[in-house]
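Architecture and fold: a report
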Amino acid sequence: MTPLQWFGVFAVLMAAVGFGIQHVNQAIDGAGVVGKTNMQAVIFAKNGAPSDVLEMVSAPVPAYRSWEVLVEVQAASLNPVDYKIIEGAFSLFDFGLNHRPGFDFSGKVLAVGDGVKNIRVGDLVHGMTWVHKTGSLAEYLAIDESAINVVPDGMSLQEAAALPLVALTSFSSMVTLGGLTQGKAQRVLVLGGSSATGMMALQLVCSIIIACIQCTGILFNLTVSFKILMFGGCQP
């Protein structure tokens, strides 16, 4: 990243911190909504193999603020980044003791803050938590409205919970960083085309430019067949 980009990231982080401080006293007790004070949640108190360090504990039902919603989690998915955090591979971030893992989730909205504009109580939503506030492996989750979306019609909650992180990773790589542009002739190489992010990248590329895709991976024939099935022929 260039110095200007780093400055932009720093400015956004500082703005977020200021916003959080300004609204810190507006938290609403989630226990009053769900009718109990504690919930079941997965935590890890130290780094190590997930099978050795993950624990199911009783934890307070989260409070939610004016820009957040309270979600009853009905499905959650795990990604490589989840177990890497548990194992301690992300030493740049201090996740502290008794950290609750999990990014991706789907569920039902039980309550919304006064500042929430597009989500309603009863909506089925899916989303991805911020890196400093993970915790989808729990009964309830308080999350910023901007980090969720209503589950599309015809999609199960299990499918919806599997999408956010891989979809955002692919979109950021292909569009935000890669410069993929609607209607512009581009040739795209997808590394690991049969992985979760790879197969999501195939769909994004085809929906944006409907152009040739080159993909690598053990299951090359699967990715080519998938592309033909979903979008029609593929150039060699």
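One can find the structure itself at the top, above this paragraph.
A short tour of the structure in this document, coming up. (Residues numbered from 1 in each chain as written. Predicted model: local features only at pLDDT ≥ 70, side-chain atom pairs only at ≥ 80, totals over all residues. Heavy atoms only, no water.)

1. With respect to helix α6 (residues 164-177)
Of all bends in α6, the biggest is about 25°, found at Phe-171. By the burial criterion, the buried members of α6 are Pro-164, Leu-165, Val-166, Ser-170 and Met-174. Positive phi shows up at Gly-179, right after α6, with a value of about 75°. (Bend = angle between axes of the 7 residues up to and from the residue. Helix = DSSP H or I, 4+ residues; strand = E, 2+ residues; numbered from the N terminus. Buried < 20%, exposed > 50% of the residue type's maximum accessible area, 1.4 Å probe, protein only.)

2. Section: the pattern of salt bridges
Scanning the model with the defined rule gives 2 salt bridges in all. Lys-36 is the salt-bridge partner of Glu-139, the closest N and O atoms lying 3.1 Å from each other. Here Glu-139 is found in the loop between β5 (124-128) and β6 (140-144), whereas its partner Lys-36 is found in the loop between α2 (31-34) and β1 (38-44), with 103 residues between them in sequence. (Salt bridge = Lys/Arg side-chain N within 4 Å of Asp/Glu carboxyl O.)

3. As for the environment of Val-125
With respect to the helices and strands, the residue Val-125 is situated in strand β5. Residue classification places Val-125 among the buried positions, given a relative accessible area of 0%. A C-alpha to C-alpha distance of 6.4 Å links Val-125 and Ile-148, two positions 23 residues apart in sequence. In contact with Val-125, other than residues within four places in its own chain, are Val-71, Phe-105, Ser-106, Gly-107, Val-109, Ile-119, Ile-148, Asn-149, Val-150 and Val-151. (Contact = heavy atoms within 4.5 Å.)

4. So, helix α4 (residues 80-87)
Considered for burial, the residues of α4 that qualify are Val-81, Asp-82, Ile-85 and Ile-86. The buried side chains of α4 occupy one side of the element, clustering within an arc of 140° when seen end-on. Buried positions along α4 lie against β1, α3 (50-53), β2 (54-60), β3 (68-77) and α6. Immediately beyond the C-terminal end of α4, within one or two residues, lies Gly-88, with a positive phi of roughly 95°. (Arc of directions from axis to C-beta.)

5. Considerations on the nonpolar core
Counting 12 residues, the largest nonpolar core consists of Val-69, Val-71, Val-73, Phe-105, Val-109, Val-116, Ile-119, Val-125, Leu-141, Ile-143, Ala-147 and Ile-148. Elements supplying a minimum of two residues to this core: β3, β4 (104-112) and β6. What Val-73 contacts, discounting residues up to four positions off in sequence, is Phe-105, Ser-106, Gly-107, Ser-136, Ala-138, Glu-139, Tyr-140 and Leu-141. Counting residues in each nonpolar core, the second largest holds 11 residues, with Val-61, Leu-70, Ala-111 and Ala-142 among its members. (Core = buried A, V, L, I, M, F, W, Y, C linked by side-chain atoms within 4.5 Å.)

6. Digging into the pairing of β6
Of all the 5 residues making up β6, 5 are buried; the element is thus mostly covered by neighbouring parts of the structure. With 5 bridges joining them, β3 and β6 adopt antiparallel strand pairing. Bridging from a neighbouring strand, Glu-72 pairs with Tyr-140 of β6. (Pairing = 2+ DSSP bridges.)

7. A closer look at the environment of Ala-75
With respect to the element layout, Ala-75 can be found in strand β3. In this structure Ala-75 comes out as buried when scored by relative accessible area, which is 11%. Between the alpha carbons of Ala-75 and Asp-104 there is a distance of 8.6 Å; along the sequence they are 29 residues apart. Other than its neighbours up to four places away in sequence, Ala-75 contacts Phe-105, Ser-106, Leu-157, Gln-158 and Ala-161.

8. Here we look at the sheet that holds β3
Strand order in the open sheet made by the 5 strands is β6-β3-β4-β5-β7, with antiparallel pairing throughout. Looking at which strands have only one partner, the edges of the open sheet turn out to be β6 and β7 (148-150). Geometrically, the sheet is characterised by an average inter-axis angle of 45° between neighbouring strands, direction not taken into account. Alignment of β5 against β7, held across 3 bridges, turns out to be antiparallel. Of the residues in β7, the one forming a bridge with His-126 is Asn-149. In the packing of α6 onto the sheet, the strands contacted are β4 and β5, and the crossing angle to β5 comes to about 55°. (Axes fitted to C-alpha atoms, helices over the stretch in contact; angles between N-to-C directions.)

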